[in-house]
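Structure assessment
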Amino acid sequence: MDQPAATISAARTMAEDTQALELAVIVPTYKEAENVLTLINRLRDVLRALRFEIIVVDDNSPDGTADRVRQLAISDPRIRCLERIGRRGLSSACIEGLMATSAPCAAIIDGDLQHDERLLPKMLATLREQNLEIVVGSRYAHGGGTDQWDETRLRASQLATRISRYATRVELTDPLSGFFMIRTDVLRQLAPRLSGVGFKILLDIFASAPGPLKHAEIPYTFRSRTQGQSKLDSRVALEFLELLLDKSVGRYGIPAKFVMFGLVGSTGVIVHIAVLAFCFQILTMSFATAQILATGTAMTFNFFLNNVFTHYDRRLGGWGLLWGWMSFCAASSVGAVANVGVAVYLYQAYDTFWLASAIAGILVGVVWNYAITSIFTWQRRG
Ligand code: GDD
Ligand code: MN
């Protein structure tokens, strides 16, 4: 008797189910040639009772990390290397690794042996038994810790933890942890909302979820790095700030970079007043000359600060700096005219309160400057 195709394929699926993949381990790497093979071997050992795959996401590391992974992978199909060219970024690497697996659960673990891979089976068991969406390895839960961190790094990390908990209202002891396990269907649902900027993928996931995620925390000790170097630098700190702004004020439709631009602008006001006071009061220049000098200095100061701070990811250098400075000054001058024009118009034509007129003028000027310099000076389109 003929069996319908659907029955056959259902039976096959059930038979194959005992072979089904249980866990994917995603390992983001950049210049971890000295660490990654040790990690893969430890993972194979600790996960031996499970059906797993390991996906190393490497951003074309110059030290040949990807080649080392492929050397192992060629004789072990559970291992894959996803190599990205011309791109960098820990969060985006993790997201792409997570999106590349069919396993129902996936863990993220650093490739430098600082996270404790022996926790993974327990994380999976917790995720399944308690029917959770995400299980987080925590340095700051009771029983966790950081191996031999100096006081400064510990303070900085705890401060960042506190700020991010406040900004995002995420109730985790270690929202900055880079070590966690998530159900991939949950991740796939959230993926379009993630900002993918910077180092802080876990915070991004929690802050992007529409409601609280069912989660547990498991303490672990963050080990010291023995090979290679950390990639955490000032750029990562700025990405972190941008992510926080994006997840707080961004919710009200205000772009994070606009807030950063505004912060720079307010320090520019202080520079302006300081230069004006110095030239006018101490050097006894004419008010007009002092004002011109103060404006020029403040604009230049703002340009350089925006270049390293607001638009850190598009930093201009070399001749680009000269062109950028000129276009920034040109845009700011137009912004200043718009500012004065709007304020005077509101004050005279509508008899608006002087302070309200001034604030409206400033807002128009700042929005104009932000939009125009983003497009022309730092070439941000769309
Ligand atoms: N693909 C890719 N691209 N990987 C990267 C990149 C990148 O641009 N930058 C860093 N990585 C990889 C590193 O190779 C390493 O495997 C892992 O991401 C963590 O980077 P580290 O530079 O070692 O960061 P860390 O030790 O200072 O901080 C880590 O641990 C903290 C505590 O859990 C990160 O995971 C933090 O997010 C985390 O808060
Ligand atoms: Mn590390």
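Our subject is the structure listed above.
Here we summarise the structure given alongside this text. Every chain begins its residue count from 1, and numbering advances along the sequence as written. All chains are assigned letters beginning with A, and all ligands numbers beginning with 1, in the order in which they are written. For this predicted model, a pLDDT threshold of at least 70 governs which residues receive local features, and a threshold of 80 or more governs which side-chain atom pairs are given and counted, while totals over whole chains, interfaces and linings are taken from all residues. Note: side-chain values were computed over all heavy atoms of the structure, leaving out hydrogens and water.

Here we come to the pairing of strand E1 (residues 23-29). Most of E1 sits inside the fold, with seven of its seven residues counted as buried. Taking every second residue as pointing to the same face, both faces of E1 are buried, with Leu23, Val25, Val27 and Thr29 on one and Ala24, Ile26 and Pro28 on the other. A pair of strands is treated as paired once DSSP finds two or more bridges between them. Only runs of H or I of at least four residues qualify as helices and only runs of E of at least two qualify as strands under DSSP, and these elements are numbered from the N terminus. Across seven bridges, the pairing between E1 and strand E2 (residues 52-58) is parallel. Within E2, the residue paired with Ala24 across the bridge is Glu53. If you view a crossover with the strands going away from you and the path from the first strand over the helix to the second runs clockwise, you call it right-handed. Between the parallel pair E1 and E2, the chain is carried across by helix H2 (residues 36-46), and the sense of this crossover is right-handed. The classification of residues rests on relative accessible area computed with a 1.4 Å probe and restricted to protein chains. Under 20% of the type maximum is buried, over 50% is exposed, and intermediate values are partly exposed.

By way of backbone hydrogen bonds, the strands of a sheet pair with one another, either parallel or antiparallel. The seven strands are arranged E3-E2-E1-E4-E7-E5-E8 in an open sheet whose pairing can be described as mixed. Each end of this open sheet is capped by a strand with a single partner; those strands are strand E3 (79-83) and strand E8 (215-219). In this sheet, adjacent strand axes meet at a mean angle of 20° when their direction is disregarded. Those strands touched by helix H4 (residues 90-99) are E1, E2, E3, strand E4 (105-108) and strand E7 (180-183), and its axis lies near 155° from that of E1. Residue contacts follow a heavy-atom distance rule, with two residues in contact if any of their heavy atoms lie within 4.5 Å. Helix axes are fitted only over the stretch in contact, all axes being lines through C-alpha atoms; the angle between N-to-C directions runs from 0 to 180 degrees. Strand contacts of helix H5 (residues 120-129): E1, E4, strand E5 (134-138), E7 and E8, with the helix running at about 35° to E7, the strand carrying the most contacts.

Whether a residue is near a molecule or strand is decided by its heavy atoms; if any one of them lies within 4 Å of it, the residue is near. Among the 28 residues in the neighbourhood of ligand 1, the closest are listed as Glu32, Arg88, Asp112, Leu176 and Lys231. What qualifies as a polar contact is a pair of N or O atoms within 3.5 Å, subject to a donor-acceptor requirement within protein and to the restriction that residues adjacent in sequence count only when both atoms come from side chains. Asp59 is positioned with one of its side-chain polar atoms (N or O) 2.7 Å from a nitrogen atom of ligand 1. Here an oxygen atom of ligand 1 and a side-chain polar atom of Asp110 are 2.8 Å apart. Method for areas: the Shrake-Rupley scheme with a 1.4 Å probe, in which residue coverage is limited to the protein chains shown. The fraction of the free accessible surface of ligand 1 (740 Å²) that becomes covered by protein chains is 98%. Of all the secondary structure elements, the ones that give two or more residues to the shell around ligand 1 are E1 and H4. Class assignment for the residues of the shell around ligand 1 results in ten nonpolar, eight polar and ten charged. Throughout, the ten residues Ala, Val, Leu, Ile, Met, Phe, Trp, Tyr, Cys and Pro are labelled nonpolar, Asp, Glu, Lys and Arg are labelled charged, and all others, Gly among them, are labelled polar.

One non-glycine residue, Lys31, lies in the positive phi region at around 55°. Despite not being glycine, Asn60 has its phi angle at roughly 55°, a positive value. Following the sequence through the fold, Asn60 ends up in the loop between E2 and helix H3 (65-73). Asn60 sits in the partly exposed class, given a relative accessible area of 36%.

Once that is clear, we can look at the pattern of salt bridges. In the sections that follow, a salt bridge refers to a side-chain nitrogen of Lys or Arg positioned within 4 Å of a carboxyl oxygen of Asp or Glu. For the structure shown, the criterion picks out 26 salt bridges. Residues Arg118 and Asp116 are paired through a salt bridge, measuring 2.9 Å at the closest nitrogen-oxygen approach. With a shortest N-O distance of 2.8 Å, Arg139 and Asp174 are connected by a salt bridge. Of this pair, Arg139 sits in the loop between E5 and strand E6 (145-146) while Asp174 sits in the loop between helix H6 (151-168) and E7; the two residues are 35 residues apart in sequence, bridging distant segments of the chain. Like Asp174, Arg139 is buried. Taken together, the salt bridges that share partners define one network made up of Arg42, Asp116, Glu117, Arg118 and Arg223.

This part is about the packing of helix H12 (residues 319-349) against helix H13 (residues 354-376). The interhelical angle for the contact between H12 and H13, taken along N-to-C directions, is 155°, at an axis separation of 7 Å. The orientation of H12 with respect to H13, classified from their angle, is roughly antiparallel. As for how H12 packs across H13, the hand of that crossing is right-handed. Considered class by class, the residues forming the contact of H12 with H13 number 17 nonpolar, nine polar and no charged. Here roughly perpendicular refers to angles of 65 to 115 degrees, roughly parallel to angles under 35, roughly antiparallel to angles over 145, and oblique to all remaining angles. In this scheme, a crossing is called left-handed if the near helix is turned counterclockwise away from the far one by less than a right angle; it is called right-handed if the turn is clockwise.

A few words on the side chain of Asn306. As for its position among the elements, Asn306 is in helix H11 (residues 287-308). Residues within four places of Asn306 in sequence aside, it is in contact with Phe261, Val264, His311, Tyr312, Phe328 and Trp378.

Take the nonpolar core next. Think of a nonpolar core as a cluster: buried Ala, Val, Leu, Ile, Met, Phe, Trp, Tyr and Cys residues, connected wherever their side-chain atoms sit within 4.5 Å. Core analysis: the largest hydrophobic core is formed by 34 residues, its most contacted members being Leu23 and Leu120. Counting residues per element, the ones that place at least two in this core are E1, H2, E2, H3, E4, H5 and E8. Discounting residues that sit within four places of it in the chain, Leu120 has contacts with Val25, Leu43, Leu47, Ala107, Phe179 and Met181. Grouped together as the second largest cluster of nonpolar side chains are 27 residues, Ala93, Ala103, Val136 and Ala209 included.

For the rest of this paragraph, the subject is the environment of Arg44. One can find Arg44 in helix H2. Residues Arg44 and Ser157, 113 residues apart in the sequence, show an inter-C-alpha distance of 31 Å. In contact with Arg44, other than residues within four places in its own chain, are Phe52, Ile54, Leu72, Asp76, Arg78 and Ile79.

Before going further, it helps to examine the environment of Gly320. Tracing the backbone shows Gly320 in helix H12. Separated by 57 residues in the primary sequence, Gly320 and Thr377 have C-alpha atoms spaced 8.9 Å apart.

Below, the discussion takes up the coordination of the manganese ion (ligand 2). The rule for donors is simple: an N, O or S atom within 2.8 Å of the metal counts, and for Na, K and Ca the reach is 3.2 Å. Water is not among the atoms, so a site may look short of donors. Donor atoms from the polypeptide that bind the manganese ion (ligand 2) are Asp112 (OD) and Gln114 (OE1), placed at 2.0 Å. We note that Asp112, like Gln114, is buried.

Centres within 6.5 Å are what make two rings of Phe, Tyr or Trp a pair, Trp counting through its six-membered ring; a difference in plane orientation under 30 degrees is then read as stacked, over 60 as edge-to-face, and the rest as tilted. Within the structure shown, the criterion is met by ten aromatic pairs. The interplanar angle of 75° and the centroid separation of 5.2 Å between the aromatic rings of Phe258 and Tyr370 together place this pair among those described as edge-to-face. Of the two residues, Phe258 is situated in helix H10 (residues 256-282) and Tyr370 in helix H13; the sequence distance between them amounts to 112 residues. The interplanar angle of 70° and the centroid separation of 5.1 Å between the aromatic rings of Phe303 and Phe304 together place this pair among those described as edge-to-face.

So, to be careful, I would describe these as geometric facts and stop short of saying anything about function.
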